[in-house]
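Listed below, chain by chain, are the residues.
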Amino acid sequence: LTGEGIPGPPAAAVVTVGDELLMGESVDTNGTWLAQALARVGLAVVGRWVTGDVPSEIQRTVRSALDWAEVVVVTGGLGPTPDDRTRESVADLLGLALEEDEELLERLKGRFRARGYGHLPEKSRVMALVPAGGGVLPNPLGAAPGLVLETPEGRLCVLLPGVPAEMRAVFLDGVEPFLRFRFEDRLQGVVHRVIHTAGIPESLLMTRVEELLAEGSHGVSLAYLPDLLGVRLRLTARASREADDAEARLTRVEDRLGPLLEQHGYQAETGDLAETVGRALLEGEETLAVAESCTGGLISKRMTDLAGSSHFFRGGVVAYANEVKSGLLGIPEEPMMREGVVSEWTAKAMAEAVARKLQTSVGLGVTGIAGPGGGSPEKPVGTVWYAVWHQNRIFARRELFLGDRSAVRARAAHATLWMLLRVLEGKDP
Ligand code: ATP
């Protein structure tokens, strides 16, 4: 119950059945899909289980799930083969006798005939069995229908076929409308907003967020989702029953985070910073050229992954060998060797040289040691110098990126794009 004594959103749980899922041979995509679908409808997902094909295990798992949740959705094991034991196991658990449904049986026979298979095999008749009092949800794509069972305590147990397309169809056609009808005034849809950040580690991000939201977060919960390239901040609000103010509360929290986002946030539909950079280049009518050493073309790839990149991306040079840096880009060899191939001087020279060669308004230069070999005490593996040349101004930075070769390369490309975005937005890079 919520504070005012009104029941909160119904708790839901998902049970997926199949030895192949339990052993990790198949990925449980039904479980993730169902969890999202139930949350979208407005239930509170409280647990997910994966169980094998053994009846006693199916029963133990479904019993646990029913202890936790008012609605339990089970998928898999409704077919006619000997490893399909879900229907009988759950019926037995709930003390419901299985009865053959005339209409279902006729439909099954018709399906078989229509496909030219002749008579329905004896074993397939199990798909016409319905636990006493159970509701049948038609399966538009397969033989086994979905089933809705109710426990004496009023909890619901929904059984769905395991084939993903069939599971989704039965859920959308049958389960979702049923849940909306049954729990009408208790559903609380979940609204998410994802904020992308760069250039700030998770722990520091959390500290800054906590400072900015010290006065409260308007019932919005936060999740920190780090990956190789940055941390996504996911804001979640539940829509209240009276008025759908969830979006407004998300906006209020986002506004409060303003100073942090100004420094470390970026907006990208796809989640890729390259998209934001591309937009900024387009808006500023800028053109880009890239000279990459240790990133081997990663920046060029990310920029040209964008549809319409020909409007701002002129080209790139993978200047791996020193002869390419000097020969093709025209960087004088003597100072490059004196300053070092991985140095501020060389990164800056690469950025400026490629912009002049390709006649662009922006040039990028990246040079570093991706590893695993090639490091030294002064320049350990992960040391990268990167530079942005923009209309006669030049910026460069040295960083020590952690991780293996591919992580160092990916992080170096990302950091360079981040610096470019800062420069284009007129911020301190
Ligand atoms: P049907 O009624 O059509 O025979 P079923 O209910 O018997 O289906 P299963 O036999 O358990 O379903 O699975 C059928 C197929 O669907 C298998 O290829 C299985 O790997 C896949 N599948 C089952 N469960 C999941 C799941 N949770 N995630 C992804 N795929 C699944």
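Whatever comes next refers back to the structure up there.
So, a few notes on the structure that sits alongside this text.

Rules used throughout
- Residues numbered from 1 in each chain as written.
- Predicted model: local features only at pLDDT ≥ 70, side-chain atom pairs only at ≥ 80, totals over all residues.
- Heavy atoms only, no water.
- Buried < 20%, exposed > 50% of the residue type's maximum accessible area, 1.4 Å probe, protein only.
- Helix = DSSP H or I, 4+ residues; strand = E, 2+ residues; numbered from the N terminus.
- Pairing = 2+ DSSP bridges.
- Right-handed = clockwise from strand over helix to strand, strands pointing away.
- Near = heavy atom within 4 Å.
- Polar contact = N/O pair within 3.5 Å; in protein donor to acceptor, adjacent residues only side chain to side chain.
- 1 Å grid on protein atoms, 1.4 Å probe; cavity = no way out; pocket = protein on both sides within 12 Å on 5 of 7 lines; lining within 4 Å.
- Sits in = over half its atoms within 2 Å of the grid points.
- Salt bridge = Lys/Arg side-chain N within 4 Å of Asp/Glu carboxyl O.
- Phe/Tyr/Trp six-rings, centres within 6.5 Å; stacked < 30°, edge-to-face > 60°.
- Contact = heavy atoms within 4.5 Å.

Some words on the pairing of strand S13 (residues 288-292)
Then step 1. Counting buried positions along S13 yields five of five residues, so the element is predominantly enclosed.
Then step 2. Of the two faces of S13, both are covered, the one formed by Leu 288, Val 290 and Glu 292 as well as the one formed by Ala 289 and Ala 291.
Then step 3. Direction of pairing for S13 relative to strand S14 (residues 313-318): parallel, over a ladder of five bridges. Within S14, the residue paired with Ala 291 across the bridge is Val 317.
Then step 4. Tracing the backbone out of S13, into helix H11 (residues 298-304) and back to the parallel element S14 gives a crossover that is right-handed.

Things to note about the site of the ligand
Then step 1. Surrounding the ligand, one finds 19 residues, the nearest of these being Asp 28, Gly 77, Leu 78, Gly 79 and Gly 162.
Then step 2. Taking Gly 79, its main chain carries an N or O atom lying 2.9 Å from an oxygen atom of the ligand.
Then step 3. Taking a 2 Å distance to the grid points as the criterion, the majority of the atoms of the ligand fall inside the second largest pocket.
Then step 4. Of all the secondary structure elements, the ones that give two or more residues to the shell around the ligand are helix H1 (19-22), helix H2 (29-41) and helix H6 (164-182).

Regarding the pattern of salt bridges
Then step 1. Evaluated as defined, the whole model comprises 20 salt bridges.
Then step 2. In this structure, Glu 176 engages Arg 180 in a salt bridge whose closest nitrogen and oxygen atoms are separated by 3.0 Å. Here Glu 176 pairs with Arg 180, and both are found in helix H6, just four residues apart, close to one helical turn.
Then step 3. Notably, a salt bridge pairs Arg 356 with Glu 352, separated by 2.8 Å at the nearest N-O pair. Pair noted here: Arg 356 and Glu 352 are both in helix H14 (residues 344-357), with a separation of four residues, about one helical turn.
Then step 4. For Arg 356, a relative accessible area of 48% puts it in the partly exposed group.

Comments concerning the packing of aromatic side chains
Then step 1. Evaluation of the coordinates by the stated rule reveals four aromatic pairs.
Then step 2. Look at Trp 33 and Phe 171: their rings are 5.6 Å apart centre to centre, the planes differ by 90 degrees, and that puts the pair in the edge-to-face class. Remark: Phe 171 occurs in helix H6 and Trp 33 occurs in helix H2; sequence separation between them is 138 residues.
Then step 3. Seen in terms of ring centroids, Trp 49 and Trp 68 are 5.6 Å apart; in terms of plane orientation they differ by 90 degrees. Their pairing is edge-to-face.

Digging into the environment of Pro 140
Then step 1. The residue Pro 140 is located in the loop between strand S6 (135-137) and strand S7 (146-150) in this model.
Then step 2. Relative accessible area serves as the criterion here: at 48%, Pro 140 is assigned to the partly exposed category.
Then step 3. With 26 residues separating them along the chain, Pro 140 and Glu 166 place their C-alpha atoms 7.4 Å apart.
Then step 4. Sequence-distant contacts of Pro 140, defined by excluding residues within four places in its chain, comprise Ala 169, Val 170 and Asp 173.

Section: the sheet that holds strand S12 (residues 265-266)
Then step 1. Here we have four strands laid out as an open sheet, ordered S10-S11-S9-S12, and antiparallel in their pairing. Bordering the open sheet on either side are strand S10 (221-227) and S12, each of which pairs with just one other strand.
Then step 2. As paired strands, S10 and strand S11 (residues 230-238) are joined by seven bridges and run antiparallel to one another. Each residue of the ladder has a partner; that of Tyr 224, found in S11, is Leu 233.

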